[in-house]
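Structural overview
Chain by chain, the residues:
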Amino acid sequence: MTHLRLFMGATRKAGLAGAAVLALATAAAAQGTVTIGRKSDADRYDPQRSSALAAAEVLYMMGDTLVTLSYDLKTVEPALADSWELSEDGLTYTFHLKSGVTYCDGKPFTAKDVVGSMERWLTPDGPYVSAWKAGSVDSITAPDDLTVVYKLKTPNSGLLFQMAQFNFIIIDPDQAKELGDDFGVTAFNGTGPFCFDSWTPNQSVVLKKHDGYDWGTPALGNTGPAQVDEVVWKIIPEDATLVASLQAGEIDATYSLPAWAFAQFDADPSVQMIQPQAAFRTHYVGMKVTRPFMEDIRVREAVSHAIDQGAIADAIFFGTVEPTNSYYSEDALDYDPATDTSPYVFDPDKTRALLQEAGFTMGDDGFWQKDGATLTLTYYGFNTSREQAEAIQGDLRKAGIDLNVELYDSTAIWAKLREQTYDLYQMDYPYLNAGDALNLYFSSASIPSPNRMMWDDPKTDELLAAGNSAVNDKARAEAFMALGKHLHDSILWKPLLLQKPTVAIGPRLQAFQPAGISGAAFGTGLQLALK
C-alpha cells in the first residue's frame, strides 16, 4: 500500500496543477518541440492497416474521427461531424460535417473523403484490420459535400463509441490510392492538429503543427491550433535508458515507464505523473468451463477466492494498478453497481468450504482430491507475465490446488491455446464500455477464440443481441447491465487488476488531462504545451 499512496500523491499533484495551467496553455502561443519517449514503433501509420497502440498514438495527432468521446468515455462528442441523427429503426445515421476543414496539404475535406475512407476500409479482399467495428454496413453515401448517410443492415448500439477509435480516422483516399502500400509509411495527409513530417523506423516520428487547425472538440478543452510547433516521438527500447532520458531532459514525457520507476519519480518534484480520467484495461484469469474440474461452478469460485489480487497489485505493480473484483471497470458505461462481485473476493476459507461442498477431501500431499484424482490445473500465460503467474501458483498451492504453469511468448501462445489443453489462462484487454467488453469474449459465436472459456449459453447470446440491437440508451444499458450481472454470477473469470496508462512528464512540459481512447494517452496533442 505504500507504493499506491505514493502513486496517488503524484497523480493528485499533477491534477491540482493541471486545471490552472490548462487555461493559460490554451491561450499560449505555439512554442518549440515536445519530445515523447516510448519503447516501440508501429509497423505503419495507416489507421485501416494497423492495430498497434504505437500507430494510434501518432495517428490521433495526424487525423480526425467523425466523433470522439468525453474524458469519462461515456458521452459521444462532435469531431469532424458537427451533429448527427439516428433514424427510428436504428439503421441510418446522418452526419453533418464541419465546414472549413482542410488536410495538411490544403485540400478541402468533404463528405466524399468519408465515403472514400470507408470504402477502402471495407473492401472485402483488402488487407485491412478491425473492419467489424464499422457494423453491418449496407451503404455509405455523400448526398452533398457536408452530409454523410451511413446505413446499416442491423442496428448497432455501440457504433458511435467505436467510431471514436483510431481505426475510424478519416484518411485522404486519393493519397492512399496514389501511394498504395507506401501509404502511412512515406507520407500521411490528414486533417489533424499535426502533420506528418518524417519517419525513421525504430528511431523517431516527427510531426509539425498543422497551421489553421481550429476544428477540435470543445469538450476536450482546446479546439486548436496546437500549442507547440513540433512533436517528436522517439523510440527508446530499454527501460533504464528511457528512465534516464526523462531524468536528463532528453525527452519531455513518456507513458512507458516500468513499474519500478514510479516510486522514484514520485519522490522527484521535477517529474509529475498523471493518468486519464477513464481508460480501461483489465487483467484476468479465464476459466475453461468444459474441463473436468472447472465445469463445477463451485470449483471455479474456489479458485477465485484463493487468488489474492491485492497482493499482486502491491508486490508486482508497486500499487500502480488497482485490484478489482469485476470483469470490467465500475466506471465504464453500462456497468451495474448492483452486480454481485462477492465470488471474486480473496477468501481462502471460502475456497476450503466450497471444495468440501463439491466433494473434495484433503490428501496427504496437501492437495485436494476427488474420486482418486488430485485437483491439478493447467495454466497458460505470457512469459512477460511470469511474476503474476508465479504469484497465482503460490496462492493456489497454499489453498491446496496444484497448478502447472506454462508460459509462452506472444508468437507461440495462440497455437497452444488452440490445443484446448488448459484449465486457466491469463490475459489482459482494453475496452471502451460494458458492451465493448462483453461482445468481445462471451458470445457463443466467439468459441473457441476469443471465447476461450467455451461459454456456450443461450441467455448470454440473447442479452448480447438485445444490447447490440438497442435503438436507445435505456434499452442498451438494461441489456448490458443484465448480461454483466449474469456473467459475474456464472464465474467465468477471476478478475485481477485494472490498469490505466500513467504519463510521466518532465519539467519543461505543462500538466494536461491525458486521453483514454485506444490507450493513446497523449490524444490529439492539442493539450501539449511547454512552460
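Above this text is the structure in question.
In this report, the structure presented in the accompanying data block is examined. (Residues numbered from 1 in each chain as written. Predicted model: local features only at pLDDT ≥ 70, side-chain atom pairs only at ≥ 80, totals over all residues. Heavy atoms only, no water.)

Considering helix α6 (residues 239-247)
Along α6, the residues classified as buried are Leu 242, Val 243, Ser 245 and Leu 246. In an axial view of α6, the angular spread of the buried residues amounts to 160 degrees, which keeps them on one side of the axis. Taken together, the buried residues of α6 touch β1 (33-38), β11 (253-254), α7 (260-266) and β22 (503-505). (Buried < 20%, exposed > 50% of the residue type's maximum accessible area, 1.4 Å probe, protein only. Helix = DSSP H or I, 4+ residues; strand = E, 2+ residues; numbered from the N terminus. Arc of directions from axis to C-beta. Contact = heavy atoms within 4.5 Å.)

A few points about the environment of Phe 109
Relative to the elements of secondary structure, Phe 109 occurs in the loop between β5 (92-97) and α3 (111-121). Of the residues examined, Phe 109 reaches a relative accessible area of 4% and is grouped as buried. A sequence separation of 143 residues divides Phe 109 from Asp 252, and the C-alpha atoms of the two residues are 33 Å apart. Discounting residues that sit within four places of it in the chain, Phe 109 has contacts with Leu 80, Leu 97, Val 101, Thr 102, Tyr 103, Val 114, Ile 170 and Thr 191.

Observations concerning empty space enclosed by the protein
For the coordinates displayed, the defined rule picks out 3 cavities of 30 Å³ or more. Roughly 400 Å³ of internal volume is contained in the largest cavity. Contributing to the lining of the largest cavity are 31 residues, with Thr 68, Leu 220, Ala 515, Gly 523 and Thr 524 lying nearest its centre. A breakdown of the residues in the lining of the largest cavity according to their chemical character gives 17 nonpolar, 13 polar and 1 charged. Computed from the structure, the second largest cavity encloses a volume of approximately 50 Å³. Along its surface, the second largest cavity is lined by Leu 66, Val 114, Met 118, Tyr 150, Met 163, Phe 168 and Ile 170. Taken together, the residues of the lining of the second largest cavity sort by class into 7 nonpolar, no polar and no charged. (1 Å grid on protein atoms, 1.4 Å probe; cavity = no way out; pocket = protein on both sides within 12 Å on 5 of 7 lines; lining within 4 Å. Points joined across faces, edges and corners; volume = space filled by probe spheres on them. Nonpolar A, V, L, I, M, F, W, Y, C, P; charged D, E, K, R; others polar.)

Looking at the pattern of salt bridges
Charged atoms that come close allow side chains of opposite charge to pair. This structure, assessed with the given rule, holds 22 salt bridges. Close ionic contact of Asp 41 with Arg 38 constitutes a salt bridge, the shortest N to O distance being 3.7 Å. Both residues of the pair, Asp 41 and Arg 38, belong to the buried class. A salt bridge links Lys 474 to Glu 478; its shortest N-O distance comes to 2.6 Å. Remark: Glu 478 and Lys 474 occur in helix α15 (residues 473-490); sequence separation between them is 4 residues, near one turn of the helix. A relative accessible area of 46% places Glu 478 in the partly exposed class. (Salt bridge = Lys/Arg side-chain N within 4 Å of Asp/Glu carboxyl O.)

Some remarks on the sheet that holds strand β16 (residues 368-370)
One open sheet accounts for 3 strands, arranged β15-β16-β17; its pairing is antiparallel. Both outer strands of the open sheet, β15 (361-362) and β17 (373-374), are each paired with one neighbouring strand and no more. As judged from the 2 bridges shared by β16 and β17, these two strands associate in the antiparallel manner. Residue Gln 369 lies in a different strand from β17, and its bridge partner there is Thr 374. (Pairing = 2+ DSSP bridges.)

A look at the state of the cysteines
One pass over the full model with this rule turns up 1 disulfide. Between the sulfur atoms of Cys 104 and its disulfide mate Cys 195 the distance is 2.0 Å. Its torsion about the S-S bond being -90 degrees, the disulfide of Cys 104 and Cys 195 is classed as left-handed. Of this pair, Cys 104 sits in the loop between β5 and α3 while Cys 195 sits in strand β8 (residues 194-200), placing them 91 residues apart in sequence. Of the residues examined, Cys 104 reaches a relative accessible area of 25% and is grouped as partly exposed. (Disulfide = S-S within 2.5 Å.)

Quick look at the side chain of Gln 510
Among the structural elements, Gln 510 can be located in the segment after β22. Within polar-contact distance, the side chain of Gln 510 engages the backbone oxygen of Leu 530 at 3.1 Å. (Polar contact = N/O pair within 3.5 Å; in protein donor to acceptor, adjacent residues only side chain to side chain.)

Considering the pairing of β8
In this sheet, strand β9 (residues 204-209) lies alongside β8 in antiparallel orientation, the contact comprising 6 bridges. Within the sheet, the bridge partner assigned to Phe 196 lies in β9 and is Leu 207. Two successive antiparallel strands, β8 and β9, enclose a turn made up of 3 residues, where Asn 202 displays a positive phi of approximately 65 degrees.

Quick look at the environment of His 283
Secondary-structure assignment places His 283 in strand β13 (residues 280-287). Linking His 283 and Pro 450, residues 167 residues apart in sequence, is a C-alpha distance of 15 Å. Once residues within four sequence positions are removed from consideration, His 283 is found in contact with Phe 317, Gln 388, Gln 426, Met 427, Asp 428, Pro 495, Leu 496, Leu 497 and Gln 499. In terms of polar contacts, His 283 uses its side chain to reach the side chain of Gln 499, at 2.8 Å.

Points about the packing of aromatic side chains
If you walk through the whole model with that rule in mind, you get 29 aromatic pairs. Judged by centre distance (4.9 Å) and plane angle (85 degrees), the ring pair of Tyr 45 and Trp 199 falls under edge-to-face. Highlighted residues: Tyr 45 in the loop between β1 and α2 (53-62) and Trp 199 in strand β8, separated in sequence by 154 residues. Their ring planes at 85 degrees and their centres at 4.8 Å tell us that Trp 121 and Phe 168 sit as a pair that is edge-to-face. Here Trp 121, found in helix α3, pairs with Phe 168, found in the loop between α4 (159-163) and α5 (173-179); they are 47 residues apart in sequence, far enough to count as distant. Here Trp 121 matches Phe 168 in class, with each residue buried. Across from the ring centre of Tyr 103, 5.2 Å away, lies the NZ or CZ of Lys 107, which sits over that ring. Between the NZ or CZ atom of Lys 288 and the centre of the ring of Tyr 422, over which it lies, the distance is 5.1 Å. (Phe/Tyr/Trp six-rings, centres within 6.5 Å; stacked < 30°, edge-to-face > 60°. Lys NZ or Arg CZ within 6 Å of the ring centre and 35° of its normal.)

Section: the packing of helix α14 (residues 458-469) against α15
Interhelical geometry of α14 versus α15 gives an angle of 155 degrees and a closest axis separation of 7 Å. One element, α14, and the other, α15, form an angle in the roughly antiparallel class. Judged by the sense of rotation from one axis to the other, the crossing of α14 with α15 is left-handed. For the pair formed by α14 and α15, the contact residues are Lys 459, Thr 460, Leu 463, Leu 464, Ala 466, Gly 467 and Asn 468 on the first element and Arg 476, Ala 479, Phe 480, Ala 482, Leu 483, His 486 and Leu 487 on the second. Here the contact of α14 with α15 is built from residues that sort into 8 nonpolar, 4 polar and 2 charged. (Axes fitted to C-alpha atoms, helices over the stretch in contact; angles between N-to-C directions. Parallel < 35°, antiparallel > 145°, perpendicular 65-115°, else oblique. Left-handed = near helix turned anticlockwise from the far one by under 90°.)

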